[in-house]
Amino acid sequence: MIEHSWTDRRGFIRKAGLLSLVASTFTLLPRLALAAWNKAAFDSKTLADAYQAMGVDAPKESADVQLLASDIAENGAVVPLQAVSKIPNTTQISFLVEKNPNMLAALFDLGPDTVADVTARIKMGQTSNVIALVKADGKFYTATKEIKVTLGGCGG
Amino acid sequence: MGNPMKIRAASKDGVTEVKVLMNHEMETGFRKDASGAPIPAWYINEVVAKLNGKVAMEAQWGPSVSKNPYLAFKIKGGAPGDKVSVSWTDSKGDTRADEVTVS
């Protein structure tokens, strides 16, 4: 009798389960904080949903978080943003755009020696509030700035 | 294999500043081509940056990061001769890794 274990349903399920366990253990080890790309957060269509998917509870607007960007973005396809946090133990910085189809644009988990100062460029469909969200010691802080867009970046 | 990145890493006053310019379409999935058919989403969703093999930053991105993404950050420590490596994975599973020496 020839029975390859992979064609046997139960054996396959057992092995697949074992493999995924091994894989998840392996991928968890070198990570800083988050295990995998947070699909739920990136799919969120409201700020409340995005915050929930990111585990954000009652974020506070803080003067120690700075969102550096120009007031007017001539080209919504390329809007430079810089977020700086002066809050000790800042471990995560995110950029969210309230009026984009999906709020969350980018999330950065920082290592212990990484300065809480991140610059990136994002797309904006229209004039909107942009939020720099900072996580420090498990608490969340924000800086909000309205950026006017004269030419949208999500058109086609 | 994706297109090469441009990475600059410079050490100054005990801080290593890293600037990365990636080469990627970052297609949102909201655009349509000339015939009106939707262009499928295709974007970098994970980025890992390391200094001397130690993870300094892990980023998760959505499609609203700009085309040909630019990223800048700073790491305490690091000296000329150290290695900074950056790698990304996109939504199609393509990857790219590049390394530079800190100047």
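This one's a predicted model, so the numbers in the text were calculated from it and none came from an experiment.

A few words on the interface of chain A and chain B. Quoted interface sizes are often the accessible area lost when the parts come together. On the chain B side, the residues contacting the 35 residues of chain A number 30 residues. Of the roughly 2,800 Å² buried between chain A and chain B, counting both surfaces, carbon and sulfur atoms make up 50%. Looking at the side of chain A facing chain B, the largest losses of area belong to Trp37, Arg121 and Lys123 of chain A, adding up to 24% of the total buried there. Applying the counting rule to chain A against chain B returns 2 salt bridges. Inspection of the region where chain A meets chain B yields 21 residue pairs in polar contact (both at pLDDT 80 or more).

This part is about the packing of aromatic side chains. The description of an aromatic ring pair rests on the distance of the ring centres and on the angle between the ring planes. Scanning the model with the defined rule gives 4 aromatic pairs over all chains in all. A ring pair is formed by phenylalanine 95 of chain A and phenylalanine 108 of chain A, whose centres lie 6.2 Å apart and whose planes are at 80 degrees; its orientation type is edge-to-face. A residue pair is termed long-range when its members are at least 10 positions apart, and phenylalanine 95 of chain A in strand 5 (residues 90–97) and phenylalanine 108 of chain A in strand 6 (residues 104–110) qualify at 13 residues. Between phenylalanine 108 of chain A and tryptophan 61 of chain B, the aromatic rings sit 6.4 Å apart at their centres with planes inclined by 75 degrees, giving edge-to-face as the arrangement. Of this pair, phenylalanine 108 of chain A sits in strand 6 while tryptophan 61 of chain B is found in strand 4 (residues 54–61), placing the two residues in two different chains. Take tryptophan 61 of chain B: its relative accessible area is 1%, and that puts it in the buried class.

With that out of the way, let us pick up the sheet that holds strand 7 (residues 117–122) of chain A. In sheet architecture, strand pairing relies on hydrogen bonds along the backbone and comes in two forms, parallel and antiparallel. In spatial order, the strands read 2(A)-4(A)-7(A)-5(B)-2(B)-1(B); together these 6 strands make up an open sheet with antiparallel pairing. The open sheet terminates on both sides in strands that have one partner only, identified here as strand 2 (65–68) of chain A together with strand 1 (6–12) of chain B. Adjacent strand axes in the sheet meet at a mean angle of 15 degrees when their direction is disregarded. Note: strand 2 (residues 15–21) of chain B against strand 5 (residues 70–76) of chain B, 7 bridges, orientation antiparallel. Its bridge partner lying in strand 5 of chain B, lysine 19 of chain B is registered against alanine 72 of chain B.

Residue and element names in this part refer to chain A. Ala50, Tyr51 and Met54 are the residues of helix 3 (residues 47–54) that are buried. All buried residues of helix 3 lie within an arc of 100 degrees about the axis, which places them on one face of the element. Those residues of helix 3 that are exposed and aimed more than 90 degrees away from the buried face are Ala48 and Gln52. The elements touched by buried residues of helix 3 are helix 2 (39–43), strand 5, strand 6, strand 8 (128–136) and strand 9 (139–149). Among the residues trailing helix 3, glycine 55 stands out with phi positive, at a value near 75 degrees.

Turning to the side chain of threonine 119 of chain A, a few remarks are in order. Here threonine 119 of chain A shows up in strand 7. Owing to a relative accessible area of 16%, threonine 119 of chain A belongs among the buried residues under this scheme. Among all residues touching threonine 119 of chain A, those that are not within four sequence positions of it are Leu81 and Gln82 of chain A together with Tyr70, Leu71 and Ala72 of chain B.

Okay, the environment of glycine 53 of chain B next. Secondary-structure assignment places glycine 53 of chain B in the loop between strand 3 (44–51) and strand 4. Given a relative accessible area of 60%, glycine 53 of chain B falls into the exposed group.

Now for the confidence of the model for chain A. When the pLDDT values of chain A are averaged, the result is 84; 74% of them are 70 or greater. Taken together, the stretch residues 25–31 of chain A has pLDDT below 50 and engages in 5 contacts with residues farther than four places along the chain or on a different chain.

All names here are of chain A. Among the 7 residues of strand 4 (residues 79–85), 5 are classified as buried, and the element is accordingly described as predominantly covered. Examined bridge by bridge, strand 2 and strand 4 share 4 bridges and lie antiparallel to one another. Along strand 4, the bridge assignment pairs leucine 67 with alanine 83. As paired strands, strand 4 and strand 7 are joined by 6 bridges and run antiparallel to one another. Of the residues in strand 7, the one forming a bridge with valine 84 is aspartate 117.

The rules behind each value
- Residues numbered from 1 in each chain as written.
- Chains lettered and ligands numbered in written order.
- Predicted model: local features only at pLDDT ≥ 70, side-chain atom pairs only at ≥ 80, totals over all residues.
- Heavy atoms only, no water.
- Contact = heavy atoms within 4.5 Å.
- Buried area = accessible area lost by both parts, 1.4 Å probe.
- Salt bridge = Lys/Arg side-chain N within 4 Å of Asp/Glu carboxyl O.
- Polar contact = N/O pair within 3.5 Å; in protein donor to acceptor, adjacent residues only side chain to side chain.
- Phe/Tyr/Trp six-rings, centres within 6.5 Å; stacked < 30°, edge-to-face > 60°.
- Helix = DSSP H or I, 4+ residues; strand = E, 2+ residues; numbered from the N terminus.
- Buried < 20%, exposed > 50% of the residue type's maximum accessible area, 1.4 Å probe, protein only.
- Pairing = 2+ DSSP bridges.
- Axes fitted to C-alpha atoms, helices over the stretch in contact; angles between N-to-C directions.
- Arc of directions from axis to C-beta.
- pLDDT = per-residue confidence, 0-100.

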